[in-house]
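Each chain, letter by letter, is given below.
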Amino acid sequence: MQKILERLFTISLVSSLTLAFIMIMLQMIGLVIGDGQLMIQSSEWLTQPTIILAAVFSGIAFILGYFPKYRESKG
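The text that follows walks through the structure, step by step, so that each part is easy to find.

Rules of the game
- Residues numbered from 1 in each chain as written.
- Predicted model: local features only at pLDDT ≥ 70, side-chain atom pairs only at ≥ 80, totals over all residues.
- Heavy atoms only, no water.
- Helix = DSSP H or I, 4+ residues; strand = E, 2+ residues; numbered from the N terminus.
- Rg over C-alpha atoms; globule rule 2.2 N^0.38 Å.
- Buried < 20%, exposed > 50% of the residue type's maximum accessible area, 1.4 Å probe, protein only.
- Contact = heavy atoms within 4.5 Å.

**A closer look at the overall build of the chain**
Next up, step 1: Helix and strand content of the chain: two helices and zero strands.
Next up, step 2: Taken over C-alpha atoms, the radius of gyration comes to 17 Å for the chain, far larger than the 11 Å a tight globule of 75 residues would show.
Next up, step 3: Expressed as lengths along the three principal axes of its C-alpha atoms, the size of the chain is roughly 55 × 25 × 15 Å.
Next up, step 4: Burial statistics for the chain: of 75 residues in total, 16% are counted as buried.
Next up, step 5: A sequence separation of at least 24 residues applies to 69% of the contacts in the chain between residues at least 6 apart.

The following block contains the structure:
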């Protein structure tokens, strides 16, 4: 179970960061070429999936905190 969660965490983290990067790059391209519609469309298309993936990896990170390997050691 822990290995599956770690893999899902990695996949959702990388996917979220990739989508956010693509969105920012499209907005920068739209700014440079003066295409406001591209900036608006990239935000409309990619904001929700990026946030959903961020919520997924945050939830998985919270669950992984209950596994002994990830608990803080006292001492």
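**What about the environment of L17?**
Next up, step 1: For L17, the location among the structural elements is in helix α1 (residues 2-33).
Next up, step 2: Judged by its relative accessible area of 53%, L17 is exposed.
Next up, step 3: Along the primary structure L17 and Q27 are separated by 10 residues, whereas in three dimensions their C-alpha atoms are 15 Å apart.

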